[in-house]
Amino acid sequence: MQYYDCSSTTTKVHIVTIDRSRPEYEMWILDDPTIRNPPSNVFNLQTVPDFAASYNALAAVNGYVWSGDEGTGPGQTGIPQTTLYETGIHYTSNTSTCPGFPGSCPEVLMGFTPQSGNGLDVSRIPQDDLSAPANQKYTYTLHGSNSTVMNSGGCTSDTTSNRWSVVGYSPTQIVLLSTATDVGLTHAEICPVLSAFGVEEAVRQDGSSAAGMFVGGSINEHVNPLVNLDYFVYGGPARHVAYAVGLVQLYPRQVQNSGFEAPVLSPGEAWRRMTGASQETTLTGWNGPADLHSATDLVARGQQIIDLNQSGSGYVETTLATPADTYCLLRFYHGVNHHCNQQATFTVDIDGTSVASFTSTYDPNSLQEARVRFKTTGTAATLRFTSTTGGCGAATIDDVSVACTKQ
């Protein structure tokens, strides 16, 4: 990540560039839903610096518009007025209105994929194209805007002059831009700056007093704070907004499923019933009796998996080592027992609280990847998978790992 303070130049902006090839970084929606599961469309308003601090983000800019409280101080709430996905979970849809359009304004989306070892993938997506199968991967981190700044390298013609924040990308970089405190700019004035960094696609975030950028690391500063009347109206150097878009470093990724691949099954042994009654049935680091299935059941994974149909108890549980007071990301794969041609449902509980529920679609040759974001309270988190369908319709779990934002 590189920060450029261009607030003293003719085009008064602050810019952060992010190397898309780095494997340990992801772009996240930084938010605070009033209820995380089931997904709530009501968000606690916070400042961009506060969101960044809560997620240990290296850089962040404000999101798009919301309805609700004005953001003049803490304790207020709002609902984003554009489409918002967090770790693939759909929180809000486009309800933003503007003159000349019946219903909601046309929307464009900016989406990011999780790290796959090949760096960050990102795409600017027209609203009507989100349903395309090729675009579903970008719902990992996705937010909407009613204004495209750049499209295929060309600058759009919006002549509204204001303070703005912008999220864009080039083939090699993600670029965050936010204007300086005392300046209003049009697209025509912003685009040459973006072009100088190779940006070809960009969308506009909320503007005016909501525009803000935080830069971490050695800078560790809200670089364009509010001043004068805005400072007075909004109670300080930053307005409270519904969410931010930021860069986080995930470290480390702890693979917790070592017991899933042991004991090794005998040649030709398709599966082995495990009850927890003997040493052989103990899964390292896990509680709860288990069925163990082999690669012949779900050939896509090439290794054994846990079946949540557990002798009537229906759960497996383990303790995850985590930093305290930190956002972490739980990742795992899930599917359905190969004997059943039906769906399976299960819940994920962390420290005794249900944080997510999932439905596994039957497919004997593949498992689905799932992700759950949670915030820790101590240096350990108790994770439990509980089947909500029994018999042959129980879900199967594999490759459980956790990654936390680096402190």
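Above this text is the structure in question.
Anyway, here's the lowdown on the structure attached to this text.

Rules used throughout
- Chains are numbered independently. Their residues run from 1 in the order of the written sequence.
- Since the coordinates come from a predicted model, pLDDT governs what is reported: local features require at least 70, and pairs of side-chain atoms require 80 or more to be given and counted, while whole-chain, interface and lining totals use all residues.
- Only heavy atoms go into the side-chain values, all of them from the structure, while hydrogens and water stay out.
- Numbering of helices and strands runs from the N terminus, with a helix taken as a DSSP run of H or I at least four residues long and a strand as a DSSP run of E at least two residues long.
- For the exposure calls, accessible area comes from a 1.4 Å probe over protein chains only, and a residue counts as buried if that area is under 20% of its type's maximum, exposed if over 50%, partly exposed in between.
- In what follows, a contact means two residues having at least one pair of non-hydrogen atoms within 4.5 Å.
- For accessible areas, the Shrake-Rupley method is used with a probe of radius 1.4 Å. Any residue's cover is judged against the shown protein chains and nothing else.
- Pairs of N or O atoms are called polar contacts if they sit within 3.5 Å, as long as, within protein, a hydrogen donor faces a hydrogen acceptor (for residues adjacent in sequence, only side-chain-to-side-chain pairs).
- We count a salt bridge whenever a side-chain nitrogen from Lys or Arg sits within 4 Å of a carboxyl oxygen from Asp or Glu.
- Each patch is built from residues that are more than 30% exposed by relative accessible area and take part in no salt bridge. Like charges join if they lie within 9 Å; nonpolar side chains (Val, Leu, Ile, Met, Phe, Trp, Tyr) join within 5 Å.
- Here, strands pair whenever DSSP counts at least two bridges between them.
- Helix axes are fitted to C-alpha atoms over the stretch in contact, other axes to C-alpha atoms as well, and angles between N-to-C directions run from 0 to 180 degrees.
- Pairing of aromatic rings covers Phe, Tyr and Trp, the last through its six-membered ring, and needs centres within 6.5 Å; plane angles under 30 degrees mean stacked, over 60 mean edge-to-face, and all others mean tilted.
- Should the NZ of a Lys or the CZ of an Arg lie within 6 Å of a ring centre and within 35 degrees of the ring normal, that charge is described as sitting over the ring.

1. A word on the overall build of the protein
Reasoning step 1: What the protein contains, in helices and strands, is three helices and 31 strands.
Reasoning step 2: Here the protein holds 407 residues, and the buried ones make up 53% of them.
Reasoning step 3: In the protein, 72% of the contacts between residues at least 6 apart in sequence involve partners at least 24 apart.
Reasoning step 4: Counting only carbon and sulfur atoms, one obtains 49% of the accessible surface of the protein, whose full area is about 16,300 Å².

2. Observations concerning unusual backbone geometry
Reasoning step 1: Geometrically, the link from Asn37 to Pro38 is a cis peptide bond, its omega value of 0° lying close to zero.
Reasoning step 2: Here Asp351, not a glycine, exhibits a phi torsion of approximately 55°, which is positive.
Reasoning step 3: Note that Asp351 resides in the loop between strand 27 (344–350) and strand 28 (353–360).
Reasoning step 4: According to the relative accessible area criterion, Asp351 is partly exposed, its value standing at 38%.

3. Overview of the side chain of Asp349
Reasoning step 1: With respect to the helices and strands, Asp349 occurs in strand 27.
Reasoning step 2: There is a polar contact of 3.3 Å between the side chain of Asp349 and the backbone nitrogen of Ser354.

4. Overview of the pattern of salt bridges
Two side chains of opposite charge can pair, provided their charged atoms sit close to one another.
Reasoning step 1: One pass over the full model with this rule turns up 14 salt bridges.
Reasoning step 2: For the salt bridge of Arg22 with Glu24, the shortest nitrogen-to-oxygen distance reads 2.7 Å.
Reasoning step 3: Under the relative-accessibility criterion, Glu24 is labelled partly exposed at 22%.
Reasoning step 4: The partner of Arg124 in a salt bridge is Glu201, and the shortest N-O contact between them spans 2.7 Å. Remark: Glu201 occurs in strand 17 (residues 201–207) and Arg124 occurs in strand 11 (residues 122–126); sequence separation between them is 77 residues. Taken as a pair, Arg124 and Glu201 share a single burial class, namely buried.
Reasoning step 5: Bridged by salt links that share partners, the residues Asp31, Arg36, Glu86 and Arg373 form one connected network.

5. Quick notes on a nonpolar patch on the surface
Reasoning step 1: Residues Leu229, Phe232 and Val233 make up a contiguous nonpolar surface patch of roughly 350 Å² in combined accessible area.
Reasoning step 2: With respect to the helices and strands, the residue Leu229 is situated in helix 3 (residues 228–233).

6. Examining the sheet that holds strand 9 (residues 89–92)
Reasoning step 1: Taking strand neighbours across the sheet as the criterion, the five strands line up as 9-8-12-10-11 in an open arrangement whose pairing is antiparallel. The sheet terminates laterally at strand 9 and strand 11, the two strands that pair on one side only. Shown here is a sheet whose adjacent strand axes are inclined to one another by a mean of 20°, direction ignored.
Reasoning step 2: In terms of strand pairing, strand 10 (residues 108–112) meets strand 11 through five bridges, oriented antiparallel. Following the sheet pairing, Val108 is matched in strand 11 by Pro126.

7. Regarding the side chain of Ser147
Reasoning step 1: Mapping Ser147 onto the fold places it in the loop between strand 12 (141–145) and strand 13 (148–151).
Reasoning step 2: Beyond its immediate chain neighbours, meaning those up to four positions away, Ser147 contacts Tyr64, Val108, Asp158, His187, Val203 and Arg204.

8. What about the packing of aromatic side chains?
Reasoning step 1: Per the counting criterion, the structure on display carries nine aromatic pairs.
Reasoning step 2: Seen in terms of ring centroids, Tyr55 and Tyr327 are 3.8 Å apart; in terms of plane orientation they differ by 5°. Their pairing is stacked. With Tyr55 in helix 1 (residues 48–55) and Tyr327 in strand 26 (residues 327–336), this pair connects stretches of sequence that are 272 residues apart.
Reasoning step 3: Residue class for Tyr55 comes out buried when judged on its relative accessible area of 0%.
Reasoning step 4: Under the relative-accessibility criterion, Tyr327 is labelled buried at 6%.
Reasoning step 5: Relative to Phe358, the ring of Phe346 has its centre 5.6 Å away and its plane inclined at 25°; by these criteria the two rings are stacked. Placement of the pair is Phe346 in strand 27 and Phe358 in strand 28, with a sequence separation of 12 residues. This pair shows no difference in class: Phe346 is buried, exactly as Phe358 is.
Reasoning step 6: One aromatic cluster is present, built from ring pairs that chain together Phe332, Phe346, Phe358 and Phe385.
Reasoning step 7: Positioned above the aromatic ring of Trp164 is the side chain of Arg204, whose terminal nitrogen or guanidinium carbon lies 3.6 Å from the ring centre.

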